[in-house]
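# Observations on chain architecture
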Amino acid sequence: MALVLIPPRHRPDPEHQELSGDLVSCLMSSQTGHFSWELVGEKGVQSPGERCKSLLEDANGVLAQFLFVYFRSYSSLISFCCLFWRVSGSNPSLNSRPNIVLFMADDLGIGDLGCYGNNTMSTPNIDSLAREGVQLTQHLAAASMCSPSRAAFLTGRYPIRSGMSSSFNMNRDLLWLGGSGGLPTNETTFAKLLQQRGYKTGLIGKWHQGLSCASRNDHCYHPLNHGFDYFFGMPFSLLNECQATKTPEMHRALRIKLWISSVALGIVPILLLIPIFAGWFKIPWTVVIITALVAILFFASWYSSYGFIRHWNCILMRNHEIIQQPMKEEKVNSLILKEALSFVEKYKRGPFLLFMSFLHVHTPLVTKEKFVGRSKYGLYGDNVEEMDWMVGKILDVINKEYLRNSTLVYFTSDHGGRLESQEGESKLGGWNGLYKGGKGMGGWEGGIRVPGIFRWPTIIPPGRVIKDPTSLMDIYPTLSYVAGAMLPQDRVIDGKNLMPLLEGRVSHSGHEFLFHYCGIYLHAVRWHQKDCDTVWKVHYVTPKFQPEEGRACYWSGLCPCSGDVNYHDPPLLFDISRDPSEDHLLTPDNEGLYEAVIKRIETAVKEHRQTLMPVPQQFSVFNTIWKPWLQPCCGTFPFCGCDKEDDTLPTGL
């Protein structure tokens with residue numbers, strides 16, 4: 001009998017060890033020519049022969065079935081299996097179910113990274129991923145706002161299909177943890193697909209897909225109800241309100257109007273008292289009391305939510321438990337990094353999925369002191385460099401545990417940088433490179449073109465740059481493919497499996513048309529012709545910049561999707577493949593194919609709209625208003641507050 005010793009780092013994971021034990025039993029029984037037991041599995045009661053065949057299929061596929069027939073010798077087959085496991089441990093393949101690490105930044109501009117042309121900020125760890133893997137230069141978000149873009153990323157579907165898009169300009173993101181909207185429970189995320197394939201799935205960082213439906217603790221939209229085994233982070237998102245010293249960010253203009261209205265109503269009962277005490281004429285005290293009560297109730301109706309945003313939205317959770325309310329923002333990034341490293345260490349035998357959803361680089365740009373002042377781009381640049389350092393720390397532990405060759409790593413942002421973010425003369429938002437527009441703009445490239453980097457040593461050839469249009473929605477079918485999962489057959493999946501493109505087996509992603517929404521409104525469409533490299537793009541709606549030469553909506557803080565916008569009939573046409581900055585407008589006078597292109601895209605829009613089905617709107621006014629009975633609370637509502645987190649951090653974090 002030939003004995004092959006397997007080094008510790010190449011030993012099969014517990015699932016393989018369990019499989020090998022059952023496999024030995026199968027082989028021993030087959031050698032004696034009879035079976036004397038039955039197993040009950042997911043498919044019901046299986047005969048021993050059926051169970052052995054199933055085990056062999058799971059172990060090594062067709063080759064194992066061949067060996068089962070021709071290698072009756074127990075010792076020969078076990079030696080071969082040991083050798084097979086040894087080889088597969090050092091040479092990962094698509095059949096080995098890789099570990100998966102997904103990095104997603106928040107509000108990062110595509111021009112903020114060195115590998116995308118930035119020379120004012122240092123991002124060595126992210127840049128190394130690009131050198132060692134594949135870099136996508138036309139990688140596109142399905143929306144230019146956080147919640148809808150992340151919904152599309154998680155489900156592989158346009159957010160309008162799941163109701164995660166808005167018809168109102170004020171509530172284009174989920175606004176409150178105490179709201180009743182969120183990613184519907186009938187949506188299947190990639191985490192759920194991988195969980196069903198035996199992956200340990202973890203989400204560390206930002207969620208922003210809702211929390212509860214009908215009661216404070218039902219947590220129907222919670223990550224653990226969407227396929228994640230573990231969650232640590234913010235169920236909402238960072239806001240300026242999370243730091244008490246920052247200028248309020250959420251609905252700032254509305255809050256100013258509410259303050260003015262409250263003051264005006266409060267003055268009314270005071271004015272009514274003047275003629276009473278001056279003796280000019282009599283006013284019933286009932287009128288005075290009623291007007292005073294109206295003023296008080298009006299103030300309480302809005303201040304009970306907007307006045308306590310830090311307590312209501314800035315919460316840190318571990319699984320279903322609130323551990324900090326309000327969150328201590330100065331240590332949150334260190335805690336998130338500690339949790340990510342612990343997750344990799346705990347499930348290093350794999351397979352695991354780690355979705356590292358950074359709070360960076362959303363305002364208020366919470367940054368560790370040692371990074372403040374390091375970059376040439378102020379606090380925003382410091383925050384980007386801290387995020388890059390955190391990426392490096394996670395990659396270091398992957399290398400230390402000999403997981404590099406068996407781990408698929410992906411880096412992106414949920415949408416483009418927000419141009420309107422500023423404090424005085426200091427800009428606090430990202431740089432979108434040569435692309436026009438930014439966050440909140442559904443059609444312009446700057447709002448939807450994001451970094452896209454894949455690394456999987458021995459599988460994805462390094463150092464390649466792909467210019468073909470790809471989407472955040474493509475991650476869903478791509479992960480399904482590498483994990484051996486089956487895509488849902490009862491719904492439209494808009495993403496495409498990118499593995500053939502990443503491996504160099506094909507030259508196109510499979511996307512002929514991509515539809516760019518702003519809320520529920522279709523603003524632009526991209527057409528990549530199958531027979532050439534030309535990428536056409538039409539705009540039906542564009543925002544009105546404030547000021548016009550500013551290329552952003554600085555006066556309102558965020559460009560609207562409808563109402564005060566520019567409608568184009570005929571639509572604007574650009575050749576994105578030659579004019580990515582969308583500066584050179586094509587017309588019938590300078591483009592002979594203008595009419596043909598417009599007509600073809602209009603046909604595609606009609607076909608696309610026929611695939612849309614009515615669904616409940618998660619961003620309706622009712623779903624997005626704050627509801628006290630849904631507000632997560634650590635303590636007795638409304639006296640919410642706690643700190644259960646151990647602040648002890650390892651050296652270096």
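Criteria and cut-off values
- Residues numbered from 1 in each chain as written.
- Predicted model: local features only at pLDDT ≥ 70, side-chain atom pairs only at ≥ 80, totals over all residues.
- Heavy atoms only, no water.
- Helix = DSSP H or I, 4+ residues; strand = E, 2+ residues; numbered from the N terminus.
- Expected span 1.5 Å × (residues − 1).
- Buried < 20%, exposed > 50% of the residue type's maximum accessible area, 1.4 Å probe, protein only.
- Contact = heavy atoms within 4.5 Å.
- Disulfide = S-S within 2.5 Å.
- Salt bridge = Lys/Arg side-chain N within 4 Å of Asp/Glu carboxyl O.
- Core = buried A, V, L, I, M, F, W, Y, C linked by side-chain atoms within 4.5 Å.
- Patch = residues over 30% accessible without salt bridge, like charges linked within 9 Å, V, L, I, M, F, W, Y side chains within 5 Å.
- Areas by Shrake-Rupley, 256 points an atom, 1.4 Å probe, with all protein chains shown as cover.
- Axes fitted to C-alpha atoms, helices over the stretch in contact; angles between N-to-C directions.
- Parallel < 35°, antiparallel > 145°, perpendicular 65-115°, else oblique.
- Left-handed = near helix turned anticlockwise from the far one by under 90°.
- pLDDT = per-residue confidence, 0-100.
- Pairing = 2+ DSSP bridges.
- Polar contact = N/O pair within 3.5 Å; in protein donor to acceptor, adjacent residues only side chain to side chain.
- Phe/Tyr/Trp six-rings, centres within 6.5 Å; stacked < 30°, edge-to-face > 60°.
- Lys NZ or Arg CZ within 6 Å of the ring centre and 35° of its normal.

## Examining helix 9 (residues 285-306)
Helix length check: helix 9 (22 residues) gives 32 Å between terminal C-alpha atoms against 32 Å at 1.5 Å per residue, within 8%. Looking only at helix 9, the buried set comprises Val-288, Thr-291, Ala-295, Trp-302, Ser-305 and Tyr-306. Looking at the packing, one finds that the buried side of helix 9 touches helix 8 (252-278) and helix 10 (309-313).

## Digging into the state of the cysteines
A complete count under the given rule lists 6 disulfides for this structure. Cys-213 shares a disulfide with Cys-220; S-S distance 1.7 Å. Handedness of the Cys-213-Cys-220 disulfide follows from its S-S torsion of about 95 degrees: it is right-handed.

## Details of the pattern of salt bridges
Enumeration over the complete set of coordinates arrives at 33 salt bridges. One salt bridge connects Asp-106 with Arg-150, and the closest N-O pair in it is separated by 3.9 Å. Of this pair, Asp-106 sits in the loop between strand 3 (99-105) and helix 4 (124-132) while Arg-150 is found in helix 5 (residues 146-155), placing the two residues 44 residues apart along the sequence. Its relative accessible area of 0% is what places Asp-106 among the buried residues. Residue Arg-150 is classed as buried on the basis of its relative accessible area of 2%.

## Observations concerning the nonpolar core
Judged by nonpolar contacts, the single largest core of 119 residues is most densely connected at Phe-103 and Phe-411. Considering each element in turn, this core owes the most residues, 10 residues, to helix 12 (residues 378-400). In contact with Phe-103, other than residues within four places in its own chain, are Met-356, Phe-358, Val-391, Ile-394, Leu-395, Val-409, Tyr-410, Phe-411 and Thr-412. Counting residues in hydrophobic clusters, the runner-up holds 27 residues, among them Tyr-158, Tyr-540, Leu-573 and Leu-586.

## Details of a nonpolar patch on the surface
On the surface, Trp-259, Val-263, Ile-267, Leu-271, Ile-274, Trp-280 and Phe-281 cluster together into a nonpolar patch covering about 740 Å² of accessible area. Inspection of the secondary structure assignment puts Trp-280 in the loop between helix 8 and helix 9.

## Observations concerning the packing of helix 11 (residues 332-346) against helix 12
Two numbers describe how helix 11 lies on helix 12: the axes approach to 10 Å, and their chain directions differ by 20 degrees. Taken together, the axes of helix 11 and helix 12 lie roughly parallel to each other. Every pair of crossing elements has a handedness; the one defined by helix 11 and helix 12 is right-handed. From helix 11, Asn-333, Ile-336, Leu-337, Ala-340, Leu-341, Val-344 and Glu-345 reach across to helix 12, where they touch Glu-386, Trp-389, Met-390, Lys-393, Ile-394, Val-397, Ile-398 and Lys-400.

## Examining the confidence of the model for the chain
The share of residues in the chain with pLDDT of 70 or more is 84%, and the mean pLDDT across the chain is 87. Every residue in residues 1-94 is under pLDDT 50, and counting partners more than four places away or in other chains gives 89 contacts.

## Notes on the pairing of strand 16 (residues 513-518)
Of all 6 residues in strand 16, 6 are buried, a share of seventy percent or more. With burial as the criterion, each face of strand 16 is covered, one bearing Phe-513, Phe-515 and Tyr-517 and the other bearing Leu-514, His-516 and Cys-518. Direction of pairing for strand 16 relative to strand 17 (residues 521-528): antiparallel, over a ladder of 6 bridges. For Phe-515, the partnering residue across the bridge sits in strand 17 and is Val-525. Where strand 16 folds back on strand 17, the antiparallel hairpin that results is connected by 2 residues, among which Gly-519 adopts a positive phi of roughly 65 degrees.

## Quick look at the environment of Arg-161
Tracing the backbone shows Arg-161 in helix 6 (residues 159-162). When its relative accessible area of 8% is taken as the criterion, Arg-161 is described as buried. In sequence terms Arg-161 and Val-492 are 331 residues apart; their C-alpha atoms lie 8.6 Å from each other. In this structure, Arg-161 is in contact with Glu-187, Val-492, Asp-494, His-608, Thr-611, Leu-612 and Val-615, ignoring residues within four places of it in sequence. Polar side-chain contacts of Arg-161 include one of 2.7 Å to the side chain of Asp-494.

## So, the packing of aromatic side chains
The tally for this structure, following the rule as stated, stands at 29 aromatic pairs. Seen in terms of ring centroids, Phe-153 and Phe-190 are 5.3 Å apart; in terms of plane orientation they differ by 85 degrees. Their pairing is edge-to-face. Taken as a pair, Phe-153 in helix 5 and Phe-190 in helix 7 (residues 190-196) lie far apart in primary sequence, 37 residues in all. Given the relative accessible area of 1%, Phe-153 is considered buried. Plain terms: the ring middles of Trp-302 and Tyr-303 are 5.6 Å apart, the flat faces sit at 85 degrees to each other, and that makes the pair edge-to-face. When its relative accessible area of 5% is taken as the criterion, Trp-302 is described as buried. Here Tyr-303 falls in the partly exposed class, since its relative accessible area comes to 28%. The lysine or arginine in question, Lys-436, covers the ring of Trp-444, its NZ or CZ lying 4.4 Å from the ring centre.

## Concerning the side chain of His-523
Mapped onto the elements, His-523 comes out in strand 17. Here the side chain of His-523 touches Cys-561 through a polar contact of 2.9 Å, landing on its backbone oxygen. Every residue in contact with His-523, bar those within four places of it in the chain, is listed here: Gly-442, Gly-443, His-516, Tyr-517, Cys-518, Val-538, His-539, Tyr-540, Val-541 and Cys-561.

## Brief notes about the pairing of strand 6 (residues 230-234)
Of all 5 residues making up strand 6, 5 are buried, and the element is well covered by its neighbours. Inspection of the sheet shows strand 5 (residues 200-206) paired to strand 6 by 5 bridges, in the parallel sense. When the sheet's bridge partners are listed, Gly-205 is paired in strand 6 with Gly-233. One ladder, built from 2 bridges, connects strand 6 with strand 7 (residues 316-318); its direction is antiparallel.

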